[in-house]
Amino acid sequence: MSECLMFGMDCEARCMTTMTADEENICFLLFMDPEASRLMSKSFRHPAGEVRAIAAHPTKSTILATCTADFSTLGGTHSITIWNIEEDKRTLETVSRLPTEPVMSSLEWEPNSMKCATMTSFIPEVHLLDMELEPRIVQTMKIPLRNEEDELLSIKWSPHYDGNIIATGGDDGYVRLWDTRSISTPLMTLHPHAHWVWSVQFHPVHDQLILTGGSDASVVLSCAQSVSSEQQKEFRDDDEEEEEEEDLVEKLQDGQLERIDEHEDSVYACAWSSADPWTFASLSYDGRMIVSNVSRKHKYALMQL
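Taking an unreviewed UniProt entry as the reference, the protein is identified by name as EIPR1-like beta-propeller domain-containing protein belonging to Caenorhabditis remanei. Note on the protein: under the UniProt heading Sequence similarities (unreviewed entry), the record states "Belongs to the WD repeat EIPR1 family."

(A) Summary view of the sheet that holds strand β7 (residues 77-86). Pairing is antiparallel across the open sheet formed by four strands, whose spatial order is β5-β6-β7-β8. At either margin of the open sheet sits one strand with a lone partner, and together these are β5 (50-56) and β8 (91-100). Within the sheet, the average angular offset between the axes of one strand and its neighbour, ignoring direction, is 25°. As paired strands, β7 and β8 are joined by nine bridges and run antiparallel to one another. Along β8, the bridge assignment pairs Trp-83 with Thr-94.

(B) Molecular detail of the side chain of Ser-222. Relative to the elements of secondary structure, Ser-222 occurs in strand β19 (residues 219-223). Of the residues examined, Ser-222 reaches a relative accessible area of 4% and is grouped as buried. Sequence-distant contacts of Ser-222, that is, excluding residues within four places in its chain, are made with Leu-190, Pro-192, Gln-208, Leu-209, Ile-210, Gly-255, Gln-256 and Leu-257.

(C) Just the state of the cysteines, in detail. Throughout the structure, instances matching the rule amount to zero disulfides. Not engaged in a disulfide, the cysteine Cys-67 finds its nearest cysteine sulfur in Cys-116; these two sulfurs lie 8.5 Å apart.

(D) Representation of the pattern of salt bridges within the structure. One pass over the full model with this rule turns up seven salt bridges. Between Lys-142 and Glu-125 there is a salt bridge; the shortest N-O distance is 2.5 Å. Of the two residues, Lys-142 is situated in strand β12 (residues 136-142) and Glu-125 in strand β11 (residues 125-130); the sequence distance between them amounts to 17 residues. The residue Asp-172 makes a salt bridge to Arg-176 at a minimum N-O spacing of 3.0 Å. For Asp-172, a relative accessible area of 17% gives the class buried. A relative accessible area of 10% means that Arg-176 is categorised as buried.

(E) Spatial organisation of the sheet that holds strand β20 (residues 255-260). The antiparallel open sheet is built from four strands, whose spatial order is β17-β18-β19-β20. What marks the edges here is a single partner per strand, and that holds for β17 (197-202) and β20. Ignoring which end each strand starts from, the neighbouring axes of this sheet average 20° apart. Here five bridges tie β19 to β20, and the two strands are oriented antiparallel to one another. Looking across to β20, one finds that Cys-223 is bridged to Gly-255.

(F) Layout of the layout of surface pockets. A volume near 1,100 Å³ is recorded for the largest pocket. Taken together, 50 residues line the largest pocket, and the ones lying closest to its centre are Met-16, Ile-54, Leu-107, Glu-108 and Gln-201. For the lining of the largest pocket, the elements supplying multiple residues, two or more each, are β5, β9 (106-109), β13 (152-157), β17 and β21 (267-272). For the lining of the largest pocket, a count of residues per class yields 29 nonpolar, 15 polar and six charged.

Each value, and the rule that gives it
- Residues numbered from 1 in each chain as written.
- Predicted model: local features only at pLDDT ≥ 70, side-chain atom pairs only at ≥ 80, totals over all residues.
- Heavy atoms only, no water.
- UniProt positions renumbered as here; feature names shortened; annotations may be inferred.
- Pairing = 2+ DSSP bridges.
- Helix = DSSP H or I, 4+ residues; strand = E, 2+ residues; numbered from the N terminus.
- Axes fitted to C-alpha atoms, helices over the stretch in contact; angles between N-to-C directions.
- Buried < 20%, exposed > 50% of the residue type's maximum accessible area, 1.4 Å probe, protein only.
- Contact = heavy atoms within 4.5 Å.
- Disulfide = S-S within 2.5 Å.
- Salt bridge = Lys/Arg side-chain N within 4 Å of Asp/Glu carboxyl O.
- 1 Å grid on protein atoms, 1.4 Å probe; cavity = no way out; pocket = protein on both sides within 12 Å on 5 of 7 lines; lining within 4 Å.
- Points joined across faces, edges and corners; volume = space filled by probe spheres on them.
- Nonpolar A, V, L, I, M, F, W, Y, C, P; charged D, E, K, R; others polar.

What follows is the structure, given as structure tokens:
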């Protein structure tokens, strides 16, 4: 693993997202100046209570969505809310809102459409939402888990396969890849963590790279080469024409590639940069944010250099 940049906030933290629509700056709702090698932060008041999950709009840098829990009243209220970022006022303006019961613990915007996926930790179900005008549940999928006591903690869309593949992470330390058109059996199962998987992220270009953060205070970069979109393309190419010579660069194999153990508390969030596809960030509960890069060895193996 190459060198890391570390930034500490004097508050506890659970949520982080990359600014997908900003392709010039390495931006995770915190701004990193790559030339000065320093981090700066911007904060916005969230008027709907606790933030349990956050997702930036894939093409509009001023739009984001949150799963909220507001306990200012008896019993509390939960919702999925779409916000417009008022940067000059440092506030969030409500665009639309969908009340939910119970609170949703994960929220993920599909990269190429106006769909979102969300779920609660206590029920093994994934809800697909249409976010075009306002949040609206259009499909609910029951996820078959090995044990009834297991819980889902995180979810992520694949950037390929037309939004038909998702990854889930649970309290058993496993990451599973699912085809939303047939979820009777996972396509692949990985075991990157010794404890709960709080965050799972596909690489935005090379979907065989999967980044995860867990309550074992670690960040793991894994490979799912055998079920990736690039592997499917290789099969098609091989059918058309046989390779004349063996690849000079060793291809990546399924399983763990890299591990970061620089955090001292549970890693609740991790995200890839939109400006630099080889840069990613991780955030632990004690407010420590670490920005890292994929090692040259694995980068060159993916690019076949």
